[in-house]
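# Architecture and fold: a report
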Amino acid sequence: MRNPVMIGERIYLRPEELGDAEVIARHAAEETETFFDRRFPSSQIAHERSIREAYEKEPPEYISFAVCLRENDRYIGLVDLMDIDYVNRTAETGSWIGTPEYRGSGYGPEAKYLLLEYAFDHLQLHVIMSHVWEPNTRSAAAVQRQGYRPAGRSIADDNQAGVWRDALIFDILRDEWLAAREEWRARQRER
Amino acid sequence: MRATYLTGDCIYLRGLVDTDKDHAMAWMPGQFLANAPKAEAYFKEKVKFGERNRYLVICRRETDEIVGGLSLWMDSRHGYVRFKVAPWCDDAGLIRADALRILVPWLRDEADLVNTNFDIAADDREAIAAAEELGLVLAVRLREWIARPGHRVDQLSYQAVNPRWVPVQMQGQTSTSEKQEASNA
């Protein structure tokens with residue numbers, strides 16, 4: 001493993017490196033499902049700048065982890081904490097398994113639980129929110145399985161092909177994350 | 001520098017000027033200390049023409065005293081407003097309420113944004129009353145989001161949804177897309 005921060009059963013989280021920018025841009029270009037950055041071609045240069053800038057502030061307002069396979073260090077996606085507020089102890093989470101063959105196999109939840117462990121136990125955050133674009137029903141179901149509770153909807157968040165769509169907003173407290181993680185671990189043991 | 005069209009009952013809004021660096025604690029976003037060099041660095045990094053993030057100062061009408069600031073992220077469709085009120089002001093709720101009365105007609109009706117979001121603490125009675133009087137929709141409640149001495153309060157997201165883009169009957173509890181489809185049928 002290269003520079004791990006959080007280690008799970010099959011994956012680990014590490015700080016993003018400049019070399020990840022090319023993979024992120026390629027995944028975004030090939031995306032067919034989650035519409036990263038509202039389906040606008042993203043630049044490797046912009047991703048490099050974003051990674052560089054994320055390390056300039058201390059403490060950081062934005063933390064992004066590379067999600068890598070333990071067996072071969074392959075980069076399969078990212079999970080991040082945005083808008084971190086160290087006084088109110090809040091943040092927003094995001095996740096994106098950019099490699100389609102690793103979707104639907106439990107890698108996303110495993111990465112999310114590691115991210116939440118980092119947020120709640122390492123940064124001592126109190127509550128986390130997440131937002132899901134409404135048509136992405138898989139993500140909406142996933143965050144609720146991870147313990148998030150519905151907090152409302154942002155109205156007319158985006159328009160695609162002439163139809164306004166809302167964004168669904170969720171939040172999660174530390175105790176809810178602990179309970180959800182135990183349930184998830186129990187399900188994993190049953191498999 | 002007062003923007004005549006952004007003047008309310010007790011406050012007005014204006015763009016940042018160089019001398020605001022001497023009052024950074026009043027307007028600068030964030031909870032940490034801000035002095036003049038930090039404000040100058042902020043001007044250099046953040047205050048640029050044509051940026052999606054804009055910053056306005058909140059001043060009292062009668063005295064021109066700087067009592068706060070706001071950050072406004074906006075593109076051609078959406079706006080997102082966050083207020084900062086100077087830590088010594090004991091009428092913070094009234095200041096935010098008056099700012100809301102200025103901002104909603106400007107962003108929703110004049111700038112024609114589809115939706116503008118205002119984050120308001122659940123214990124900010126004056127701002128909540130202003131939001132409801134202006135017809136804003138309570139869209140999101142984030143639990144225990146804001147730390148207060150000895151306790152926490154929820155954060156409410158009130159949204160000014162533009163009826164020219166999203167008809168009033170489509171704003172609220174269910175998906176706008178579902179309602180739109182139902183309405184079209």
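Cut-off values and rules
- Residues numbered from 1 in each chain as written.
- Chains lettered and ligands numbered in written order.
- Predicted model: local features only at pLDDT ≥ 70, side-chain atom pairs only at ≥ 80, totals over all residues.
- Heavy atoms only, no water.
- Helix = DSSP H or I, 4+ residues; strand = E, 2+ residues; numbered from the N terminus.
- Rg over C-alpha atoms; globule rule 2.2 N^0.38 Å.
- Buried < 20%, exposed > 50% of the residue type's maximum accessible area, 1.4 Å probe, protein only.
- Contact = heavy atoms within 4.5 Å.
- Pairing = 2+ DSSP bridges.
- Core = buried A, V, L, I, M, F, W, Y, C linked by side-chain atoms within 4.5 Å.
- Phe/Tyr/Trp six-rings, centres within 6.5 Å; stacked < 30°, edge-to-face > 60°.
- Lys NZ or Arg CZ within 6 Å of the ring centre and 35° of its normal.
- Buried area = accessible area lost by both parts, 1.4 Å probe.
- Salt bridge = Lys/Arg side-chain N within 4 Å of Asp/Glu carboxyl O.
- Polar contact = N/O pair within 3.5 Å; in protein donor to acceptor, adjacent residues only side chain to side chain.
- Nonpolar A, V, L, I, M, F, W, Y, C, P; charged D, E, K, R; others polar.

This part takes up the overall build of chain B. Within chain B, the secondary structure is distributed over 5 helices and 7 strands. Its helices and strands in sequence order give chain B the pattern β-α-α-β-β-β-α-β-α-β-β-α, from N to C terminus. For 185 residues, the compact-globule estimate of 2.2 N^0.38 gives 16 Å, and the C-alpha radius of gyration of chain B, at 17 Å, lies within 12% of that figure. In chain B, buried positions account for 51% of the 185 residues. Partitioning the intrachain contacts of chain B with sequence separation of at least 6 by distance along the chain shows that 54% fall at a separation of at least 24.

Residues and elements named next belong to chain A. Taking burial as the measure, the 11 residues of strand β8 (residues 163–173) include 9 buried ones, the bulk of the element. Here strand β6 (residues 127–133) runs beside β8; their pairing, made up of 7 bridges, is antiparallel. For I128, the partnering residue across the bridge sits in β8 and is I172. Following strand β7 (residues 149–160), the chain reverses through 2 residues before pairing antiparallel with β8; A161 in that reversal takes a positive phi of roughly 50°.

Next up on the list: the nonpolar core. Residues and elements named next belong to chain B. Formed by 51 residues in total, the largest nonpolar core has its most connected members in W27, L100 and L103. Counting residues per element, this core draws most heavily on helix α3 (residues 92–110), which supplies 10 residues. Contact partners of L100, with chain neighbours within four places excluded, come to F83, P105, F118, I120, A127, A130, A131, L134 and L136.

Moving on, we come to the packing of aromatic side chains. For the structure shown, the criterion picks out 10 aromatic pairs over all chains. Taking the centre distance of 5.0 Å and the plane angle of 45° together, the rings of Y113(A) and W184(A) count as tilted. One end of the pair, Y113(A), is in helix α3 (residues 107–122); the other, W184(A), is in helix α5 (residues 174–190), with 71 residues separating them in the sequence. Each member of the pair, Y113(A) as well as W184(A), carries the same accessibility label: buried. Site record: aromatic cluster; members linked through ring pairs are W27(B), Y42(B), F43(B) and Y55(B). R10(A) extends its terminal NZ or CZ atom over the ring of Y107(A), reaching a point 3.9 Å from the ring centre.

It is worth spelling out the interface of chain B and chain A at this point. With 33 residues of chain B in contact, the opposing surface of chain A contributes 34 residues. Regarding the contact of chain B and chain A, the summed buried area is about 2600 Å², with carbon and sulfur atoms giving 48% of it. Here R77(B) ties to D158(A) by a salt bridge, and the two come within 3.2 Å at their closest N and O atoms. Where chain B meets chain A, there are 16 residue pairs in polar contact (both at pLDDT 80 or more). Of all elements in the fold, only α2 (36–46), β4 (78–85), β6 (137–148), β7 (151–161) and α5 (176–184) of chain B reach the threshold of two or more residues within the side of chain B that touches chain A. Among the elements that take part in the side of chain B that touches chain A, β6(B) stands out by supplying 10 residues, more than any other. Class assignment of the residues belonging to the side of chain B that touches chain A gives a composition of 12 nonpolar, 11 polar and 10 charged.

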